[in-house]
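Secondary and tertiary structure notes
Here is what each chain is made of, one letter per residue.
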Amino acid sequence: MEFFCYHRDRPGSAALRRELLEEHWYYMDRFPGMIARGPTFQGARPTGSVHVLDLPDPAAARAFAFSEPGYQAGVYRDVLLRRWRNELGRTMWEFPGGRDGGDRWLVLGFGSGGPVGVTGPRDELVACGPLLSDDGEA
């Protein structure tokens, strides 16, 4: 099962985040089913961490999200954890690169009904997929 996990930083936690960086990376390296991962930013300021990964079940996803060292130490103000489907069928390490330079964007859309289809060049997308209900059906 694929899951999308977004840890959003608590205001004023940047120093603690930096202090735990090595421990965070060590923790992440324990999960070989990683599809995409990385920090989010507003300008040069970190605002959180996104992790998209394949895990056996929802209990394993919750354990991943809430055992993360930054979460345990209070770096994050909240966690968004949802089932996800990898629409591109690849990992970020297989990303063809798209255009050179420029920013990449994290876009989350919430609503009812089915997922919106992807338009435009797929080689510009690092990862893409719908956030799903717990049963993965909606």
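Below or above, wherever it landed, is the structure these notes cover.

Topic: the layout of surface pockets
If you add up the space inside the second largest pocket, you get close to 220 Å³. Every residue lining the second largest pocket is listed: Tyr6, Arg8, Asp9, Arg10, Pro11, Gly12, Ser13, Ala14, Arg45, Pro46, Thr47 and Arg77. Counting only elements with at least two residues in the lining of the second largest pocket, the list comes to β1 (2–9) and β3 (45–54). Residue classes in the lining of the second largest pocket are distributed as four nonpolar, three polar and five charged.

Things to note about the nonpolar core
A general feature of soluble globular proteins is that nonpolar side chains tend to end up buried together. Phe3, Cys5, Tyr27, Met28, Phe31, Met34, Leu53, Leu55, Ala61, Phe64 and Ala65 together form the largest nonpolar core, which totals 11 residues. The set of elements that each furnish at least two residues to this core consists of β1, α2 (21–28) and α3 (58–67). Per element, the largest residue contribution to this core is three residues, and it comes from α3. Beyond its immediate stretch of four places on either side in the chain, methionine 28 contacts Met34, Arg37, His51, Phe64 and Glu68.

Things to note about the pairing of strand β4 (residues 76–84)
Two elements, β1 and β4, share eight bridges in a ladder whose sense is antiparallel. The residue bridging phenylalanine 3 from the neighbouring strand is arginine 83, located in β4. Here two bridges tie β4 to strand β5 (residues 131–132), and the two strands are oriented antiparallel to one another. Following the sheet pairing, tryptophan 84 is matched in β5 by leucine 131.

Some details on the pattern of salt bridges
A complete count under the given rule lists four salt bridges for this structure. Between arginine 8 and aspartate 78 there is a salt bridge, and its shortest N-O distance comes to 2.5 Å. Within this pair, whereas arginine 8 is found in strand β1, its partner aspartate 78 is found in strand β4, the two being separated by 70 residues in sequence. On the basis of relative accessible area, aspartate 78 is assigned to the partly exposed category, the value being 28%. For aspartate 9, the salt bridge goes to arginine 17, with nearest N and O atoms at 2.8 Å. For the pair shown, aspartate 9 and arginine 17 are each scored as buried.

Topic: the packing of aromatic side chains
In this structure the tally under the stated criterion is four aromatic pairs. Between the aromatic rings of phenylalanine 31 and phenylalanine 64, the centroid separation amounts to 4.8 Å while the plane-to-plane angle is 85 degrees, which identifies the pairing as edge-to-face. With phenylalanine 31 in the loop between α2 and β2 (34–42) and phenylalanine 64 in helix α3, this pair connects stretches of sequence that are 33 residues apart. Accessibility assignment for this pair places phenylalanine 31 and phenylalanine 64 in one class, buried. Both rings, one in phenylalanine 66 and one in tyrosine 71, keep their centres 5.0 Å apart while their planes meet at 70 degrees; by these two values the pair is edge-to-face.

What about the sheet that holds β2?
Pairing is antiparallel across the open sheet formed by five strands, whose spatial order is β2-β3-β1-β4-β5. Of all strands in the sheet, those with a lone pairing partner are β2 and β5, marking the two edges.

What about the environment of phenylalanine 41?
Structurally, phenylalanine 41 is set in strand β2. With 81 residues separating them along the chain, phenylalanine 41 and arginine 122 place their C-alpha atoms 23 Å apart. Ignoring sequence-local partners within four residues, the contact set of phenylalanine 41 consists of Pro46 and Thr47.

What counts, and where the lines are drawn
Sequence positions are assigned chain by chain, starting from 1 and proceeding in written order. At least 70 in pLDDT is required for a residue's local features to be given in this predicted model, at least 80 for side-chain atom pairs to be given and counted, and no such filter applies to totals for whole chains, interfaces and linings, which use all residues. With hydrogens and water stripped out, all remaining heavy atoms of the structure feed into the side-chain values. Cavities and pockets are defined on a 1 Å grid built over the protein atoms alone: a cavity is a set of grid points where a 1.4 Å probe fits but cannot escape, while a pocket is an open set with protein on both sides within 12 Å along at least five of seven lines, and lining residues are those with an atom within 4 Å of any such point. Grid points are joined across faces, edges and corners, and a volume is the space filled by probe spheres set on the points. Secondary structure elements follow DSSP: runs of H or I of four or more residues count as helices, runs of E of two or more count as strands, with numbering from the N terminus. For this classification, the nonpolar set comprises Ala, Val, Leu, Ile, Met, Phe, Trp, Tyr, Cys and Pro, the charged set comprises Asp, Glu, Lys and Arg, and every other residue, Gly included, is treated as polar. Nonpolar cores were defined as sets of buried Ala, Val, Leu, Ile, Met, Phe, Trp, Tyr and Cys residues, with membership established by side-chain atoms within 4.5 Å. Summary of the burial criterion: residues with accessible area below 20% of their type's maximum are buried, those above 50% are exposed, and those between are partly exposed, where the area comes from a 1.4 Å probe applied to protein chains only. Any two residues having at least one pair of non-hydrogen atoms within 4.5 Å are treated as being in contact. Strand pairing is defined by DSSP finding a minimum of two bridges between the two strands. The salt bridge criterion pairs a side-chain nitrogen of Lys or Arg with a carboxyl oxygen of Asp or Glu, the two atoms within 4 Å. In this scheme Phe, Tyr and Trp rings, the latter by its six-membered ring, pair at centre separations within 6.5 Å, and the angle between planes marks the pair as stacked below 30 degrees, edge-to-face above 60, and tilted otherwise.

Any link to function would need more than the numbers given here.
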